[in-house]
Amino acid sequence: MKILITGAAGFIGAALCERLLEEGVHVVGVDNLNPYYPLALKSHRLTRLEALAGKPNQSEMTGSFRFVKMDLTERDALMQLMQDERFDVVVNLAAQAGVRHSISQPHDYVDSNLVGFVNLLEACRAARPRHLLYASSSSVYGDDARQPLTEEQAGAKPLSLYAATKRANELMAYSYAHLYGLPVTGLRFFTVYGARGRPDMAPLRFARKLMAGEAIDVYNHGQMARDFTHISDIVEGIRCLIDLPPPREVDAAPSRVLNVGRGEPIALRDFISGLEDALGLKARKRWLPMQAGDVERTWADTTALEALSGFRPHVSLRDGLAELADWARAYPELLAEESTDAAIPDPVHRPI
Ligand code: NAD
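- The protein has the name SDR family NAD(P)-dependent oxidoreductase in an unreviewed UniProt entry, where Cobetia crustatorum is given as its organism.

This is how it looks when you write it as structure tokens:
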């Protein structure tokens, strides 16, 4: 099996590549290596992939990994890559992520999440992979959907441009499924955490501040809950879907959207105290009002994914936080949110 993973240097993309390489799959990873957060972390993830590629696994199978630095907005280059490689499956994890950044830098979201995504759809239309899976987000539900969140609640009221682009991706993918019979599955991920995670997100930000003895900012005075989901459960969920047959034509299009989350809302206060325990540190907290664009609670109904694939998340909060804490202690320099990349060699020039 030959798979294209976009966003391969990102948190979820790199973790999925690792999982596939361990199985002996041939993976091509695309990423534009944007500096939204420090490239040192993306470089760290790619170095791990480089080390894994070519190593035989227990069944003596050897996966391969080829990294291609490319922006999804480079329409012709993307089309060429898809024509040359003829992937069986494409998993689109490249996107400009982050709710708050979408308020200050809206055009980044239009470029990567809308223009980039339509380029990918066009390339898939021409090259016809068996299945296109793409990242959506729990943020599409907004704040007035019934909890737990079920997929048919369409998400007509996104609270940020980020959420709007993710919902737009679902509609765009549906139209390609309808018009061209392209089998598509949208993955609504719920707040992902774990080792090599995103330093702009609360779990790593909290870990960094705790370790530096700085106060942590807790929004909505801690009255928030998230369906925190460990990265290995997210990767396992995607992995199950890659193996399954793609969606069949239902309602005139081979298209579906699935929640991929743990299925249990965790109060922010409990997440923080779990992290304190895992790191053996006590946090000073700054209680702040709700931030624009945020939702109060997310809680995934995961019945559809389980019915389809039999997959159930299994990583407890305690184990997930222990894994995050071990990694954070080993690589404190990779928790930085701000780029200091001038001092870091450009990973593009390293053999990957
Ligand atoms: P990430 O920022 O770590 O990874 C995304 C990667 O895509 C980055 O390495 C970036 O350089 C790359 N990229 C961005 N724009 C690109 C473009 N135009 N061309 C090529 N590469 C580009 O984010 P992540 O947490 O790994 O998220 C992966 C996907 O899952 C994203 O679509 C995100 O919106 C979605 N998602 C993530 C979470 C989460 O909790 N992490 C939750 C919901 C949805």
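1. Remarks on helix α1 (residues 11-22)
- Here α1 spans 17 Å end to end across 12 residues, near enough to the 16 Å set by a 1.5 Å rise per residue.
- In terms of burial, α1 is a largely internal element, 10 of the 12 residues being buried.
- Within the sequence span of α1, burial applies to Phe 11, Ile 12, Gly 13, Ala 14, Ala 15, Leu 16, Cys 17, Glu 18, Leu 20 and Leu 21.
- One or two steps after α1, the chain reaches Gly 24, where phi turns positive at roughly 90°.

2. Details of unusual backbone geometry
- Omega for the bond connecting Gln 147 with Pro 148 falls within 30 degrees of zero, at -5°, which places this linkage in the cis form.
- Tracing the chain through its elements places Pro 148 in the loop between β5 (131-137) and α6 (161-180).
- Backbone geometry at Asn 220 places phi at a positive 50°, although glycine is not the residue there.
- Position of Asn 220 relative to the elements: it lies in the loop between β8 (216-218) and β9 (225-226).

3. Focus on the pairing of strand β6 (residues 184-189)
- Buried residues dominate β6, accounting for 6 of its 6 residues.
- Covered by surrounding structure in β6 are Val 184, Gly 186 and Arg 188 together with Thr 185, Leu 187 and Phe 189, the residues of both alternating faces.
- Relative to β6, β5 runs parallel, the two sharing 6 bridges. Each bridged residue has a counterpart across the sheet, and for Ser 136 the counterpart in β6 is Arg 188.
- Note that β6 and strand β11 (residues 255-260) share 6 bridges and pair parallel. Directly across from Phe 189, in β11, lies its bridge partner Val 260.

Calculation rules
- Residues numbered from 1 in each chain as written.
- Predicted model: local features only at pLDDT ≥ 70, side-chain atom pairs only at ≥ 80, totals over all residues.
- Helix = DSSP H or I, 4+ residues; strand = E, 2+ residues; numbered from the N terminus.
- Expected span 1.5 Å × (residues − 1).
- Buried ≥ 20, exposed ≤ 12 C-beta atoms within 10 Å, placed from the backbone.
- Pairing = 2+ DSSP bridges.

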